[in-house]
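If you want the building blocks of each chain, they are given just below.
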Amino acid sequence: ACGYDNPQSIALGSLNWAYPDALYVRTAVSEAEASGLLPARDLGGPPNLFAFHRATTAIKLFGNKLSSPNPAAAGTTISVVLIPQALWTRITFGPEGASVQGHVEGPDERDVVLVTEEKVVRALLDGKIDAPTAEKNGLVRYYGNPADISDVRGALANATLTN
């Protein structure tokens, strides 16, 4: 279960144990907000009752934007985890493009794991940053087989994520 289902069930410490330094993404997002690379965090107002829907919509759109057939990523699966909610999504690349499975239990053993926040995914989709800039600023972190990570980096760098 993710934090949207049960906020008390989130164990970010275990995520950081499985993926060393994964939680550095949170610090990087705060620094990017302070520098203006990302929009400032909205600290006021009531909680967003549609936060889960907004997050799943953003990550599914992100996966679908990668749907053009990409030989470099064919056969690779990315498991994206949005923190701090620990919302997992799997994006599998095949001959027809990407297939997106939202709200999954977690990654499979051979997946490339991409750790980020929803705000970063939205900035990528809005064209405010690109994938190499996001990685350079610590807004995304990759885990897995180095060759597969290289394929995923290439796929993201070459993808047209904006409308």
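Residues numbered from 1 in each chain as written. Predicted model: local features only at pLDDT ≥ 70, side-chain atom pairs only at ≥ 80, totals over all residues. Heavy atoms only, no water.

**Remarks on the sheet that holds strand 2 (residues 87–94)**
Part 1 of the argument: What the 5 strands build is an open sheet, ordered 3-2-1-4-5; its pairing is mixed. Whereas interior strands pair on both sides, the edge strands pair on one side only; in this sheet they are strand 3 (97–104) and strand 5 (141–143). Recorded for the sheet is a direction-independent mean angle of 20° between the axes of neighbouring strands.
Part 2 of the argument: Here strand 2 runs beside strand 3; their pairing, made up of 7 bridges, is antiparallel. Bridge assignment links Ile 91 to a residue of strand 3, and that residue is Val 100.
Part 3 of the argument: Together, strand 1 (77–82), strand 4 (112–116) and strand 5 form the strand contacts of helix 6 (residues 146–158), whose direction differs from that of strand 5 by roughly 145°. (Pairing = 2+ DSSP bridges. Helix = DSSP H or I, 4+ residues; strand = E, 2+ residues; numbered from the N terminus. Axes fitted to C-alpha atoms, helices over the stretch in contact; angles between N-to-C directions. Contact = heavy atoms within 4.5 Å.)

**Some remarks on the environment of Pro 132**
Part 1 of the argument: Mapped onto the secondary structure, Pro 132 falls in helix 5 (residues 131–136).
Part 2 of the argument: Taking the C-alpha atoms as reference points, Pro 132 and Leu 156, 24 residues apart in sequence, are found 8.3 Å from one another.

**A few points about the pairing of strand 1**
Part 1 of the argument: In terms of burial, strand 1 is a largely internal element, 6 of the 6 residues being buried.
Part 2 of the argument: Burial along strand 1 is two-sided: the face carrying Thr 77, Ser 79 and Val 81 and the face carrying Ile 78, Val 80 and Leu 82 are both buried.
Part 3 of the argument: Strand direction decides the pairing type here: strand 1 and strand 2, joined by 6 bridges, are antiparallel. Within strand 2, the position partnered with Val 81 by the bridge is Trp 88.
Part 4 of the argument: What sits between strand 1 and strand 2 in their antiparallel hairpin is a turn of 4 residues, with Ala 86 showing a positive phi close to 60°.
Part 5 of the argument: Direction of pairing for strand 1 relative to strand 4: parallel, over a ladder of 5 bridges. Residue pairing for strand 4: Ile 78 is matched across the bridge by Val 112. (Buried < 20%, exposed > 50% of the residue type's maximum accessible area, 1.4 Å probe, protein only.)

**Structural notes on unusual backbone geometry**
Note: most peptide bonds trans; most residues except glycine with negative phi.
Part 1 of the argument: Following Ile 83, the chain continues into Pro 84 via a peptide bond in cis, with omega recorded as 10°.
Part 2 of the argument: Along the chain, Pro 84 turns up in the loop between strand 1 and strand 2.
Part 3 of the argument: The residue Ala 86 is not glycine, and still its phi comes out positive at about 60°.
Part 4 of the argument: With respect to the element layout, Ala 86 can be found in the loop between strand 1 and strand 2.
Part 5 of the argument: With relative accessibility at 19%, the residue Ala 86 sits in the buried group.

**What to know about helix 4 (residues 118–125)**
Part 1 of the argument: The buried fraction of helix 4 amounts to 6 of the 8 residues, a majority that puts the element mostly inside the structure.
Part 2 of the argument: Elements in contact with the buried residues of helix 4: helix 2 (24–35), helix 3 (51–65), strand 1, strand 4 and helix 5.
Part 3 of the argument: Positive backbone phi, approximately 75°, marks Gly 127, located one or two places after helix 4.

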